[in-house]
Amino acid sequence: MSRPDRAPDTARRARPRHRAWLRALLPAALILVWLAGAGLGGPLFGKIDEVSSNDRTAYLPESADATQVQKLLGEFTDSDSIPAIAVFVADGTLSDGDVTAISDAVSSATEVEGVADEVSPALTSDDGKAAQAFIPISSDAELGDAVSALADHLRSAAPEGVTVYITGPAGFSADLVAGFAGIDGLLLGVALLAVLVILVLVYRSLLLPVVVLSTSLFALCVALLVVWWLAKTGVLLLSGQTQGILFILVIGAATDYALLLVSRFREELRGTHDKGAALAAAWKGSFEPIVASGGTVIAGLLCLLLSDLKSNSTLGPVAAIGIVFAMLAALTLLPALLMLCGRAVFWPRRPMFDPEAVAAEDGRPTTGLWAGVARMISRRPRTIWIATTALLLIGAAGLTQLNATGVPQSDLVLGSSEARDGQSALGEHFPGGSGSPVYVVVPEDRLQDAADALLANDGIDGVSVTAADSPSGTAPVTADGIGAVGAPGTPIPSPTLVDGDVLLQATLTDAADSDAAASTVRDLRTELDPLGALVGGVTATSVDTNDASIHDRNLIIPVVLVVIMLILMLLLRSILAPVLLILTTVLSFGTALGVSALVFDGIFRFPGADPAVPLFGFVFLVALGIDYNIFLMTRVREESRRHGTRDGILRGLSITGGVITSAGLVLAATFAALSVIPILFLVQLAFIVAFGVLLDTFVVRSLLVPALAYDIGRRIWWPSALWRRGQD
């Protein structure tokens, strides 16, 4: 036989070997790519503090008064240090020796690493029982370490019977740094452990949880690599709060997407010997819901770009980057790992090749919990959806108890707080706002008018002006003008000028983070605005932050609803189904928020909530809650084409019930892990999202949506072709 005659046989024999070679090479190449990315991103877990900031002023809009004043402060004082307030409280009255010892301790504080040179003299309270001193911490120092070292120094030098506290902006910032300290290790460890336990219990497999968690962890490492460098170059702002949410969101979302693909892979393995064919079919069936789900979450998160508050607007792209890599890992790395492992990934409960059983089931499980739920819905759909709606409405009534107008800075950190104790001690012996003044920048020719307006306000205890030629750096301003310093005949200090403006400092009578202080700042802005003055400081920053949060909440929530509804319309080729899905998800969110409000107020006794808590809770719950409806309804639509709408609903629920429940448990557990970080905002967000996800998983997706859709029938697909040509 000639060579041309033998060539076709050779090609046929080579083709299977060529395909097998490609099957092995492609998964290996994908795994190596992800390994390289994780190898670069993994070491950055311990370096996030290099590119992050928890300075609240940095996240305000550029146009905010507090932002503009903060930028000018450095020009007036030639320093960008963070003020700490050292408070010394005696058991009785301070003796002359005690005052001398305290003064010496304060003077020597400049020897502590991280403490700047501009330390003010110690001031004794009118009742003689306490003293305070302003000690600036260098902006280049490690804030937490510097504050801790300063506290140790002052305590060792303080007289016997005198208690020392470090409070003020530096003290509270150090508390936040300590609160976020567990994000890299504790938070990630708790989240991964929770997911591992759930996966082992659900799948009773040893290898599968490792494969799924590896997918999630690699996605997080690569997402962190991208986010870290974007923050390093100044493209993104990163905070401890954003960092914690990124970790949880990527782990939870990547695991959910992985479970959807794994479930479909297991289903396909029962009908074919070929793991490659099973994986291809599973990937094809999972691609649309994973991309649609991830796209919905990304679209919802990117709506945060409309926010005035940078802590909100920067979370959008950071979290969206995380979701992108969660999807990519589930659609590339996970299939590669499954291809290498095959059926062994499910050991010891490997899916058996049983095409006869598959044919007998006709794609619908007839036994088990979810088959029973489907039969129950088919018997009484209207009763079920009306009852569940009524139950959710009762829970939503708790919204009337929600107090989301902001919380004092002293309550941001849960548990013990030296800064909080110090502020309480300060308020007992000095004006409540000592150490956290109101800063007023005003034209020089309106200085006295501004000072008079400040002095006339009952919320102000005293006023001074920044003066470089004064020994203390400031000079008191009274109704008679700038006061003389020192003995009679001493020259009156001249105010420091910056572009024709002067800086006034006003001491509040109330604690800087109190509602009364916030009211004072609002009144001052109204009174001083005609003078061309800007009002800033700690209290003003809180006021501007709360105002921006409320604005963002009222703007972004409707936009998110519209965007997600449009995506659902494109995905389901329907108008009615997306509208109903959005309404059920909003109802679920209202119930989650209402129940959370009752728990926060009645059980935990929280002082309130930040205005951003409902916004973040809404974005995550609506975007992630819609995920489960997408997982369900895409399968229902697929089954409805072949079996009719009502049968398709029951089939879709029976088939996806197990995997969606597992996904919901995983996501709830990962968000619940946020509560290990003792920051009020994160603890509240953890409860709202975890409870809301469980509500979506076990009530809305399991009962309300399928029962409502079953009652409506094929009209649910209006006005698509499935509505016109389908069957009930």
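Rules of the game
- Residues numbered from 1 in each chain as written.
- Predicted model: local features only at pLDDT ≥ 70, side-chain atom pairs only at ≥ 80, totals over all residues.
- Heavy atoms only, no water.
- Helix = DSSP H or I, 4+ residues; strand = E, 2+ residues; numbered from the N terminus.
- Buried < 20%, exposed > 50% of the residue type's maximum accessible area, 1.4 Å probe, protein only.
- Contact = heavy atoms within 4.5 Å.
- Areas by Shrake-Rupley, 256 points an atom, 1.4 Å probe, with all protein chains shown as cover.
- Lys, Arg positive; Asp, Glu negative; His and termini not counted.
- Charge placed at Lys NZ, Arg CZ, Asp CG, Glu CD.
- Pairing = 2+ DSSP bridges.
- Axes fitted to C-alpha atoms, helices over the stretch in contact; angles between N-to-C directions.
- Salt bridge = Lys/Arg side-chain N within 4 Å of Asp/Glu carboxyl O.
- pLDDT = per-residue confidence, 0-100.
- Bend = angle between axes of the 7 residues up to and from the residue.
- Patch = residues over 30% accessible without salt bridge, like charges linked within 9 Å, V, L, I, M, F, W, Y side chains within 5 Å.
- Core = buried A, V, L, I, M, F, W, Y, C linked by side-chain atoms within 4.5 Å.
- Phe/Tyr/Trp six-rings, centres within 6.5 Å; stacked < 30°, edge-to-face > 60°.
- Lys NZ or Arg CZ within 6 Å of the ring centre and 35° of its normal.
- Parallel < 35°, antiparallel > 145°, perpendicular 65-115°, else oblique.
- Polar contact = N/O pair within 3.5 Å; in protein donor to acceptor, adjacent residues only side chain to side chain.

A. The arrangement of the overall build of the chain in detail. Helix and strand counts for the chain stand at 23 helices and 10 strands. Expressed as lengths along the three principal axes of its C-alpha atoms, the size of the chain is roughly 120 × 65 × 50 Å. Across the 728 residues in the chain, those meeting the buried criterion constitute 54%. A separation of at least 24 residues holds for 81% of the contacts in the chain among residues at least 6 apart in sequence. By element, 59% of the accessible surface of the chain is carried by carbon and sulfur atoms, the whole surface being about 29900 Å². Seen as two clouds, the 47 positive and the 69 negative side-chain charges of the chain have centres 32 Å apart.

B. Summary view of the sheet that holds strand E3 (residues 130-137). The 4 strands lie next to each other as E2-E3-E1-E4, forming an open sheet whose pairing is antiparallel. Only two strands of the sheet have a single partner each, and these edge strands are strand E2 (123-124) and strand E4 (162-167). Sheet analysis places strand E1 (residues 82-90) next to E3, joined by 8 bridges and oriented antiparallel. Across the sheet, residue Ala86 finds its bridge partner in E3, namely Ala133. Strands in contact with helix H4 (residues 143-157) are E1, E3 and E4; relative to E4, the strand with the most contacts, it is inclined by about 165°. Contacts from helix H15 (residues 418-429) reach E1, E3 and E4 within the one sheet, and its direction differs from that of E4 by about 115°.

C. Spatial organisation of the environment of Val579. The residue Val579 is located in helix H19 (residues 576-602) in this model. You can call Val579 partly exposed: its relative accessible area is 27%. The contact partners of Val579, leaving out residues within four places of it in the chain, are Met565 and Met569.

D. Molecular detail of the pattern of salt bridges. With the rule as written, the count across this model stands at 13 salt bridges. Residue Asp547 is joined to Arg522 by a salt bridge in which the shortest nitrogen-to-oxygen separation is 2.9 Å. Residue Asp547 is found in helix H18 (residues 538-572), and its partner Arg522 is found in helix H17 (residues 515-528); the two are separated by 25 residues along the sequence. Accessibility expressed as a relative area gives 33% for Asp547, which makes it partly exposed. Using a relative accessible area of 39% as the deciding quantity, one classes Arg522 as partly exposed. Linking Glu639 and Arg642 is a salt bridge whose minimum nitrogen-to-oxygen distance equals 3.0 Å. Here Glu639 pairs with Arg642, and both are found in helix H20 (residues 612-643), just 3 residues apart, close to one helical turn.

E. Layout of the environment of Ala281. On the secondary structure map, Ala281 appears in helix H9 (residues 275-302). Take Ala281: its relative accessible area is 30%, and that puts it in the partly exposed class. Remark: the alpha-carbon pair of Ala281 and Leu580, spanning 299 residues in sequence, is separated by 30 Å.

F. Structural view of the confidence of the model for the chain. Mean pLDDT over the chain works out to 86, with 91% of the residues at or above the 70 mark. For the chain, the element scoring lowest by mean pLDDT is helix H12 (residues 355-361), at 59; helix H14 (residues 381-396) scores highest, at 95. Ignoring residues within four places in sequence, the model shows residues 1-7, a span with pLDDT below 50, making 1 contact including any to other chains. Contacts for the low-pLDDT stretch residues 9-15, under 50 throughout, to residues beyond four places or in other chains number 0 contacts.

G. Geometry of helix H21 (residues 645-672). Its maximal kink placed at Gly657, H21 deviates by approximately 50°. Across the 28 residues that make up H21, a large majority, 23, are buried.

H. Representation of a nonpolar patch on the surface in the model. The grouping of Leu193, Leu196, Val197, Val200, Leu201 and Val202 at the surface amounts to a nonpolar patch, some 470 Å² of accessible area in total. With respect to the secondary-structure elements, Val200 resides in helix H6 (residues 183-203). In this structure Val200 comes out as partly exposed when scored by relative accessible area, which is 32%.

I. How the structure looks around the sheet that holds strand E7 (residues 474-478). The sheet built from 6 strands is open, its strands ordered E8-E7-E6-E9-E5-E10 with antiparallel pairing. Looking at strand neighbours, the two that pair on one side only are strand E8 (481-482) and strand E10 (534-537), the edges of this open sheet. The strands that helix H2 (residues 65-77) touches are strand E5 (438-443), strand E6 (460-466), strand E9 (501-508) and E10; relative to E10, the one it contacts most, it runs at about 80°. Contacts from helix H16 (residues 447-456) reach E5, E6, E7, E8 and E9, with the element oriented near 70° to E7.

J. Broad picture of the nonpolar core. Membership of the largest hydrophobic core comes to 166 residues, with the highest contact counts inside it found for Tyr257, Leu301, Phe616, Phe620 and Phe671. By residue number, the principal contributor to this core is helix H22 (residues 680-712), which donates 20 residues. If we skip the residues at most four places from it in the chain, Leu301 touches Leu249, Gly316, Ala319, Ala320, Ile323, Val619 and Phe620. If you look at the next biggest cluster of nonpolar residues, it comprises 32 residues, including Val463, Val502, Ala506 and Ala533.

K. Seen up close, the packing of aromatic side chains. Scanning the model with the defined rule gives 13 aromatic pairs in all. With 6.1 Å between their ring centres and 5° between their planes, Phe687 and Phe691 make a pair best called stacked. Of this pair, Phe687 and Phe691 are both found in helix H22, 4 residues apart, which corresponds to roughly one turn of the helix. Taken together through their ring pairs, the aromatic side chains of Phe600, Phe604, Phe606, Phe687 and Phe691 make up a single cluster. Residue placement shows Arg646 over the ring face of Tyr710; its charged tip is 5.5 Å from the ring centre. Lying over the aromatic face of Trp370, Arg701 brings its terminal NZ or CZ to 4.9 Å of the ring centre.

L. The arrangement of a negative patch on the surface in detail. On the surface, a cluster of negative charge is contributed by Asp49, Glu50, Glu113, Glu142 and Asp145. What makes Glu113 exposed here is its relative accessible area of 73%.

M. Region of interest: the packing of H21 against H22. Look at H21 against H22: their axes get within 8 Å of each other, and the N-to-C directions meet at 175°. On the basis of the axis angle, H21 is roughly antiparallel to H22.

N. Broad picture of unusual backbone geometry. Cis geometry is adopted by the peptide bond preceding Pro348, which originates at Trp347 and carries an omega value of 10°. Structurally, Pro348 is set in the loop between helix H11 (315-341) and H12. In this chain, Trp718 is followed by Pro719 through a cis amide linkage whose omega measures 5°. Structurally, the position occupied by Pro719 is in the loop between H22 and helix H23 (721-725). Despite not being glycine, Arg573 shows a phi value in the positive range, around 55°. Relative to the helices and strands, Arg573 resides in the loop between H18 and H19. Taking relative accessible area as the criterion, Arg573 reaches 42% and is therefore assigned partly exposed.

O. Spatial organisation of the side chain of Ser120. Structurally, the position occupied by Ser120 is in the loop between helix H3 (96-107) and E2. Within polar-contact distance, the side chain of Ser120 engages the backbone nitrogen of Phe134 at 2.9 Å. Setting aside chain neighbours within four positions, we find Ser120 in contact with Val106, Ala133 and Phe134.

P. Region of interest: the pairing of E6. The element E6 is extensively covered by neighbouring structure, given that 5 of its 7 residues are classed as buried. In the sheet, E6 pairs with E9 via 5 bridges, with the strands oriented antiparallel. Note on E9: the bridge partner recorded for Ser464 is Gln505. In the sheet, E6 pairs with E7 via 3 bridges, with the strands oriented antiparallel.

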